[in-house]
Amino acid sequence: MAVKIFIATDRLDSVLEKLSTKFDLWVPAPLKSDKSGPTGFVLYAPGTLLSFERQTTMSLKKVLLPQEETLLRFEYGKDPQEPAKSSVTVDDSRQARPTLVFGARPCDVKALLTMDGVFANGPYVDPYYVERRKNTLFATLVCRQNDSKCFCTSVGGGPADMEGSHLKIVQVEDGYVVEALTKEAKALLKDLAEAPDGDKEAQAAKIFEEASKRRVGELDAEGSPEAFRKRFEQTDYWREMIGQCLSCGVCTYVCPTCYCFTITDETRNTKGERLRSWDSCMFYHYTLEASGHNPRPTKIERYRNRVGHKFSYIPERYNGLLGCCGCGRCIRSCPVSIDIRQVVGHLKENACE
Ligand code: SF4
Ligand code: SF4
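Reading the values: rules and limits
Residues numbered from 1 in each chain as written. Chains lettered and ligands numbered in written order. Predicted model: local features only at pLDDT ≥ 70, side-chain atom pairs only at ≥ 80, totals over all residues. Heavy atoms only, no water. Pairing = 2+ DSSP bridges. Helix = DSSP H or I, 4+ residues; strand = E, 2+ residues; numbered from the N terminus. Axes fitted to C-alpha atoms, helices over the stretch in contact; angles between N-to-C directions. Contact = heavy atoms within 4.5 Å. Near = heavy atom within 4 Å. Nonpolar A, V, L, I, M, F, W, Y, C, P; charged D, E, K, R; others polar. Patch = residues over 30% accessible without salt bridge, like charges linked within 9 Å, V, L, I, M, F, W, Y side chains within 5 Å. Areas by Shrake-Rupley, 256 points an atom, 1.4 Å probe, with all protein chains shown as cover. Salt bridge = Lys/Arg side-chain N within 4 Å of Asp/Glu carboxyl O. Lys, Arg positive; Asp, Glu negative; His and termini not counted. Charge placed at Lys NZ, Arg CZ, Asp CG, Glu CD. Buried < 20%, exposed > 50% of the residue type's maximum accessible area, 1.4 Å probe, protein only. Core = buried A, V, L, I, M, F, W, Y, C linked by side-chain atoms within 4.5 Å.

Draft legend 1. Representation of the sheet that holds strand β5 (residues 82-91). Ordered in space as β5-β4-β11-β10, the 4 strands form an open sheet in which the pairing is antiparallel. With partners counted over all chains shown, the strands left at the sheet margins are β5 and β10 (261-268), one partner each. In this sheet, adjacent strand axes meet at a mean angle of 20 degrees when their direction is disregarded. Relative to β5, strand β4 (residues 68-79) is paired through 7 bridges, and the arrangement is antiparallel. Bridge assignment links E75 to a residue of β5, and that residue is T89.

This is the structure we're talking about:
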């Protein structure tokens, strides 16, 4: 039997407060005090201003892949009596806390399928990611407010796509109808609030049905891997498409499926930490080798790699799964208005055989 609750708007804070005692609770919110500024996912605390009205500027990827994290701590040991002898102790213990993301959009949760392919299901399993993933539940908001940059239905998603979600949230008049989609979510909703009345249920069902039918975006991504391969050597095409790129990397930082990272050791005296931090394939130094050679020396190779990665390499490696969820963030945030839909959409036009 379906388990649903209704959270009145004026009770949302108290419900979230209750949830935050059991979970690390991430919610969409302004990143600065100015509510019209950039938004992202923050850890809920009483009084947090929520931002459900529009897609967040930053995605939720930092919940599973933090912008910076300590992978391990180490300490060198030396015996003054035997200076030639040294040792090192390593502490790579970790503990993923129970986590709930409340109010993410379907595209963001769908994006995690790409991340799973890379960090959990591929030949190399990342224990840090996997442990967080196992301990995280997603309460996903049925999307009613897309904008002109969204294109989720063009890439296999949709405003009501609940793949990967544990709870479904539908915003109705005066509140939210929340439905459990998994066993653990059913247990979570128990005693949290009353069941919705018939009117609220009917409103939620209608909104969900409308969202399920809505088409968002016109991109035709079919056949992109083949078209990309044909375009690969056509430098003029890439120059025309992305000549104005500044290599600022913003598109990769806001993207929920970009996961380039770098690892550094920070050492002080005999102790140190190994850190993993987000990086960007749009940066010259990302691929610069110690020899001085750089396989992607210009922005043309770098942007081509970004498009190829999402629309050719990932689908070929992971059974057709695209490396883009159509959230539109890279288009919204690019300072020179580069639009990945145009670049991918034109791949097939008169591509040389
Ligand atoms: S490439 Fe752009 S539209 Fe696609 S997932 Fe990344 S930010 Fe979103
Ligand atoms: S955000 Fe735009 S200008 Fe910046 S690296 Fe990406 S495509 Fe280039």
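Following the structure, the description resumes.
Draft legend 2. Structural context of the pairing of strand β11 (residues 271-278). Pairing between β4 and β11: 7 bridges, direction antiparallel. Across the sheet, residue E69 finds its bridge partner in β11, namely R276. In this structure, the hairpin formed by β10 and β11 is closed by a connection of 2 residues, where N269 is found at a positive phi of approximately 50 degrees.

Draft legend 3. Spotlight on the sheet that holds strand β7 (residues 136-141). Judged by pairing direction, the sheet is mixed, and its 7 strands sit side by side in the order β1-β9-β8-β7-β6-β2-β3 without closing on themselves. Edge strands, defined here as strands with exactly one partner in the open sheet, are β1 (4-8) and β3 (39-43). Between one strand axis and the next, the sheet turns by 25 degrees as a mean value, whatever way the strands run. With 5 bridges connecting them, strand β6 (residues 99-104) and β7 associate as parallel partners. By the bridge assignment, A104 is partnered in β7 with T140. Sitting on the sheet, helix α3 (residues 106-119) is in contact with β3, β6 and β7, with an inclination near 145 degrees to β7.

Draft legend 4. The arrangement of the site of ligand 1 in detail. With respect to spatial proximity, 13 residues lie near ligand 1, and among them C255, C324, C327, G328 and C330 are the closest. Of all the secondary-structure elements, those providing two or more residues to the shell around ligand 1 are α10 (299-317) and α11 (329-333). Counted by class, the shell around ligand 1 contains 8 nonpolar, 2 polar and 3 charged residues.

Draft legend 5. Main features of the site of ligand 2. The immediate surroundings of ligand 2 are formed by 13 residues, with C245, L246, C248, C251 and C334 found nearest. For the shell around ligand 2, the class distribution of residues is 11 nonpolar, 2 polar and no charged.

Draft legend 6. A look at a negative patch on the surface. Judged by side-chain charge, D10, E173, D174, D197 and D199 come together as a negatively charged surface patch. Among the structural elements, E173 can be located in the loop between β8 (167-172) and β9 (175-180). E173 sits in the exposed class, given a relative accessible area of 51%.

Draft legend 7. Summary view of the nonpolar core. Judged by nonpolar contacts, the single largest core of 29 residues is most densely connected at L16, L19, L100, F102 and L167. Going through the elements one at a time, β1, α1 (12-20), β2 (24-30), β6, β7, β8, β9 and α5 (183-189) are the ones with two or more residues in this core. Here this core gets 4 residues from one element, more than from any other, and that element is α1. Ignoring anything within four residues of it in the chain, the contact list for L167 reads L100, F138, A139, T140, M162, V178, E179, A180, L181, A185, L188 and L189. One finds I242, F311, I338 and V343 within the second-largest nonpolar core, a separate group that totals 27 residues.

Draft legend 8. Summary view of the pattern of salt bridges. Overall, the coordinates contain 21 salt bridges when judged by the stated rule. Two residues, D161 and K110, come together in a salt bridge whose shortest N-O distance is 2.7 Å. Of this pair, D161 sits in the loop between β7 and β8 while K110 sits in helix α3; the two residues are 51 residues apart in sequence, bridging distant segments of the chain. Exposure class is identical for D161 and K110. Each is buried. In this structure, R239 engages D236 in a salt bridge whose closest nitrogen and oxygen atoms are separated by 3.1 Å. Note that R239 and D236 are positioned in helix α8 (residues 235-242) at a spacing of 3 residues, about one turn of the helix. A residue is classified by how much of its surface remains accessible, and D236, at 57% relative accessible area, is exposed. Taken together, the shared-partner salt bridges connect E69, D126, R132 and R276 into one network.

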